[in-house]
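Structural overview for review
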Amino acid sequence: MSIVSFERRGRVGLILVNNPPVNAISHAVRAGIVECLERASSDDGAHVLVLAATGRTFMAGADITEFGKPPKAPHFADVIAALEASDKPMIAAIHGSALGGGLELALACHYRIARADAVLGLPEVNLGIIPGAEGTQRLPRLAGLETALQMITSGKPIPAAKALEAGVLDAVSPVDADLVEAALAYGERLVDEKAQPRRISEMTIPANDAQSALFAEWREKVAKSARGIKAPLRAIDAVEAAATLPFAEGIKREREIFAECAADPQSKAMQHAFFAERKASRLPDVGRDIKPRSFAHIGVVGGGTMGCGIALACAAAGLTITLIEQSDEAADKAKGTVTSILDASHARGRINDAAHQKQKDAITIKTDMAALKDADLIIEAVFENMDVKKSVFRELDRVAKKGAILATNTSYLDVDEIAASTSRPADVLGLHFFSPAHIMKLLEIVRGRETALDVLATALAFGKAIRKVAVVARVCYGFIGNRMLEGYVREAGLLMLEGAKPEQIDAAIRAFGYPMGPLQVLDLAGLDIGHMLRSQFPADRFDPHAYRVISRLVEQGRKGQKTGAGIYGYEKGNRAPIPDPLTARITREEAEKAGIKQRTITDEEIVERCILPLINEGARILEEGVAVRASDIDVVYLYGYGFPRWRGGPMFYANQLGLKHVRERILHYQAQQGPRWWTPAPLIEKLAKEGKGFDD
Ligand code: 3HC
Ligand code: NAI
């Protein structure tokens, strides 16, 4: 089948785009549409035209792989102009998602029909750009400024029903009906009604005194929610142009803003993130020929913070879960946790009545491990202690059926050692979720020495089924994410001793783009967790000074937000951190004991001291083969640790800085701090010398 085809059906002409998997609007698609439009316009039997697509979705946008390459005619604007100029009424027929350029083509058509389960959106801001094919000019004309601002600045698609209500769609067809047939029937109706082309570019937005206040209000709102990403604010400029300029000038303005955003490093970083996320699920030795095992019935051992979250994530994906706790009391507590989270989500309208009931029913809580005998995949989430984990795995080995996959949610412990406590190490791996597990997108899949390939394939399929972004890591202390985190947290601790106030450290990291600073995160997660963990490893693994303050705080019962005080103080019922004189006193005392002279520290030093160790450890992780590719490390940091998306992840950011510069700065801190933590990884030495980046 050709990429774009034309045929006449009755009195209606059908232009069909067929560019799997998502009908991205590549050069071939653009050329094909223009060519088919010419054929359609000279076909006297076709009085109305339908533009539709085959496969799983309508067009999902411009072909992102063509970004940055020299543009080739026909350009997007040519296709849009040809569609809108058609003398014959044009109908766009939408199924799946009409996104970005896909929706913009639909807006250039004169009428729009969609299947009831379709979504429509302009997600360009997620790629650091704004809609560049006149979407910022047509959408507000059709749907009004509020709807357009909401859709364009958030990038979030809206469902068909809402699009119909907003006037973006003219008709919706039932999910079980054939959309193309429905669109053809709609076309026949338009022929009967002698309908004329209805061009959005000819519509006007009525001038209104409240408009400038509306834009000011949106700018204020978006400045807060965009967290450093420029595109959403620039998108407001483009929509404002639609309200204040004639159409021809508005599209010129849109094009200028689009070009500025596309040339900004932020958009390169966000496009990197888009492809990095999709690449991460590909493993060189796990091809499509390796079939995943079944994972319909999930077992979860341990119903604490993580176990409950994991069960909820599985229930939301329609899986059946048996959760095991160690006593009736603990089982009741887990049931309470699961129920209250589902009830809150129902009350907020995130899930409907049916889903609420279904997800509650999907989770059964028991106290006898024998209840796991039919489970396909069992995820252990008990205390972070090797002896406890081993005893659970010995028991699982006894009760689990043959071929069941046994996974551990350990954060740091040796997955191979856990696997060795069973008679089936090939069926064992790590599935490391992030807290809260039903919300956080990241899943680190930890591949043991003996993990079978079909077990890995199952883990990847499971990750996709529960809508996580999965990254595969090899076994090492802390895997990818937590191993790198150690340097980041260590430096935050040392910076405190050296004289930076906690609030300065956190503010500097927030200004870099993180939603929270490292010390705020420690208070949120609980200072005792790291403290307990460090006690399980030889002390010489860690910096002798970095955790002095934290240890003193924990000894005093200050474990963070959960105890009402940690590094910061907290008012009852309020999570806002308040600088605490007691922490300041303890810090001064510990600095003195450690012989560290306090000084004034710049924000620039704070950022470098915290971020360079991430990059340096990332390089080691890459050269040891713990991560398959640099972009996988970026995905871990973007989805698990709040690294700013517009910086693309630590490894992409390092490439942007240049590895020669990274090496020089690490050596600068080596001179200040000594070589133990500040020696460039061999891979950085090598790539810096060769003038290359991590992705080379
Ligand atoms: N261009 C090129 N490739 C694309 C693409 C695009 N716009 N959208 C998706 N793909 C590729 C993916 O990279 C993936 O490739 P792979 O199989 O080789 O990894 C494949 O299509 C399938 O994608 P997903 O795995 O994401 O499939 P899903 O079914 O999970 O999701 C989707 C489908 C919702 C359409 C999702 O792919 C998506 O959100 N795509 C991006 C949509 C987007 O951002 N559009 C705007 C583009 S910018 C634009 O249009 C500019 C215009 O204003 C001028
Ligand atoms: P938690 O202390 O909240 O929960 C552990 C639960 O396991 C308790 O409810 C306990 O009763 C239960 N349990 C202990 N032994 C059991 C047994 N033999 N059978 C059945 N249940 C048993 O701990 P949390 O935070 O949920 O952590 C669990 C695991 O997840 C740990 O390995 C931890 O390192 C890991 N993890 C924790 C994260 C977090 O942010 N809390 C993030 C990622 C991983």
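Everything numeric in this text was worked out from a predicted model, so none of it was measured. (Residues numbered from 1 in each chain as written. Chains lettered and ligands numbered in written order. Predicted model: local features only at pLDDT ≥ 70, side-chain atom pairs only at ≥ 80, totals over all residues. Heavy atoms only, no water.)

Glancing now at the packing of aromatic side chains. How two aromatic rings sit relative to each other is set out by the distance from centre to centre and by the angle between their planes. This model, assessed by the stated rule, comprises 15 aromatic pairs. Ring geometry for Phe434 and Tyr641: centres 5.5 Å apart, planes at 80°, overall edge-to-face. Placement of Phe434 in the loop between β15 (428-433) and β16 (442-447) and of Tyr641 in the loop between α25 (630-640) and α26 (650-657) is noted, with a sequence separation of 207 residues between them. Accessibility assignment for this pair places Phe434 and Tyr641 in one class, buried. Between Phe512 and Phe643, the ring centres sit 5.7 Å apart and the planes meet at 80°, which makes this aromatic pair edge-to-face. With Phe512 in helix α19 (residues 502-512) and Phe643 in the loop between α25 and α26, this residue pair connects regions lying 131 residues apart in the sequence. (Phe/Tyr/Trp six-rings, centres within 6.5 Å; stacked < 30°, edge-to-face > 60°. Helix = DSSP H or I, 4+ residues; strand = E, 2+ residues; numbered from the N terminus. Buried < 20%, exposed > 50% of the residue type's maximum accessible area, 1.4 Å probe, protein only.)

With that out of the way, let us pick up the nonpolar core. Counting 84 residues, the largest nonpolar core has Ile480, Ile611 and Phe694 as its most contacted members. No other element matches the 10 residues that helix α24 (residues 603-623) contributes to this core. Setting aside chain neighbours within four positions, we find Phe694 in contact with Ile615, Ala619, Leu622, Ala630, Met651, Ala654, Asn655, Leu659, Leu683, Ile684 and Leu687. Ile129, Leu139, Leu169 and Ile205 belong to the second-largest nonpolar core, a separate cluster that totals 68 residues. (Core = buried A, V, L, I, M, F, W, Y, C linked by side-chain atoms within 4.5 Å. Contact = heavy atoms within 4.5 Å.)

Before going further, it helps to examine the packing of helix α4 (residues 135-143) against helix α5 (residues 145-154). In the contact formed by α4 and α5, the axes pass within 7 Å of each other and the chain directions differ by 140°. As judged from the angle between their axes, α4 and α5 are oblique. Between α4 and α5 lies a crossing of right-handed hand. For the pair formed by α4 and α5, the contact residues are Gly135, Thr136, Leu139, Pro140 and Ala143 on the first element and Leu145, Thr147, Ala148, Met151 and Ile152 on the second. (Axes fitted to C-alpha atoms, helices over the stretch in contact; angles between N-to-C directions. Parallel < 35°, antiparallel > 145°, perpendicular 65-115°, else oblique. Left-handed = near helix turned anticlockwise from the far one by under 90°.)

Near ligand 2 lie 21 residues; those nearest to it are Met306, Glu325, Glu384, Lys389 and Ser411. Note that an oxygen atom of ligand 2 is positioned 3.1 Å from one of the side-chain N or O atoms of Gln326. At 3.3 Å from an oxygen atom of ligand 2 is found a main-chain nitrogen or oxygen belonging to Val382. Relative to its unbound accessible surface of 830 Å², ligand 2 loses 78% to contact with the protein. (Near = heavy atom within 4 Å. Polar contact = N/O pair within 3.5 Å; in protein donor to acceptor, adjacent residues only side chain to side chain. Areas by Shrake-Rupley, 256 points an atom, 1.4 Å probe, with all protein chains shown as cover.)

In this section: the pairing of strand β11 (residues 320-324). Each regular strand shows side chains that alternate between the opposite faces of the sheet. Burial within β11 is extensive, with four of its five residues counted as buried. Pairing analysis gives five bridges linking strand β10 (residues 297-301) to β11, with the strands arranged parallel. Residue pairing for β11: Val301 is matched across the bridge by Ile324. Both β11 and strand β12 (residues 363-366) contribute to a ladder of four bridges, which runs parallel. Bridging from a neighbouring strand, Leu323 pairs with Ile365 of β12. (Pairing = 2+ DSSP bridges.)

Time to look at the sheet that holds β15. Taken in spatial order, the eight strands of this open sheet run β12-β11-β10-β13-β14-β15-β16-β17, and their pairing is mixed. Edge positions in the sheet fall to β12 and β17 (469-474), since each of these pairs with one other strand and no more. Geometrically, the sheet is characterised by an average inter-axis angle of 25° between neighbouring strands, direction not taken into account. With six bridges connecting them, β16 and β17 associate as parallel partners. Paired with Leu443 across the strands is Ala470, a residue of β17. The sheet contacts of helix α12 (residues 305-316) involve β10, β11, β12, β13 (377-380) and β15, and relative to β11 the element is tilted by about 170°.

Once that is clear, we can look at helix α1 (residues 27-41). Counted at 1.5 Å a residue, the expected span for α1 with its 15 residues is 21 Å, and the 21 Å between its end C-alpha atoms agrees. For α1, the complete set of buried residues consists of Val29, Arg30, Gly32, Ile33, Val34, Cys36, Leu37 and Ala40. Turning to α1, the residues buried within the fold contact β1 (4-9), β2 (12-17), β3 (48-53), α2 (76-85), β4 (90-94) and α3 (101-108). (Expected span 1.5 Å × (residues − 1).)

With that out of the way, let us pick up the site of ligand 1. Residues in close proximity to ligand 1 total 24 residues, the closest being Arg56, Glu104, Glu124, Arg278 and Arg282. Ala62 places a polar main-chain atom, nitrogen or oxygen, 2.8 Å from an oxygen atom of ligand 1. Protein contact buries 74% of the 990 Å² of open area that ligand 1 shows by itself. Secondary structure elements with two or more residues in the shell around ligand 1: α3 and α11 (265-279).

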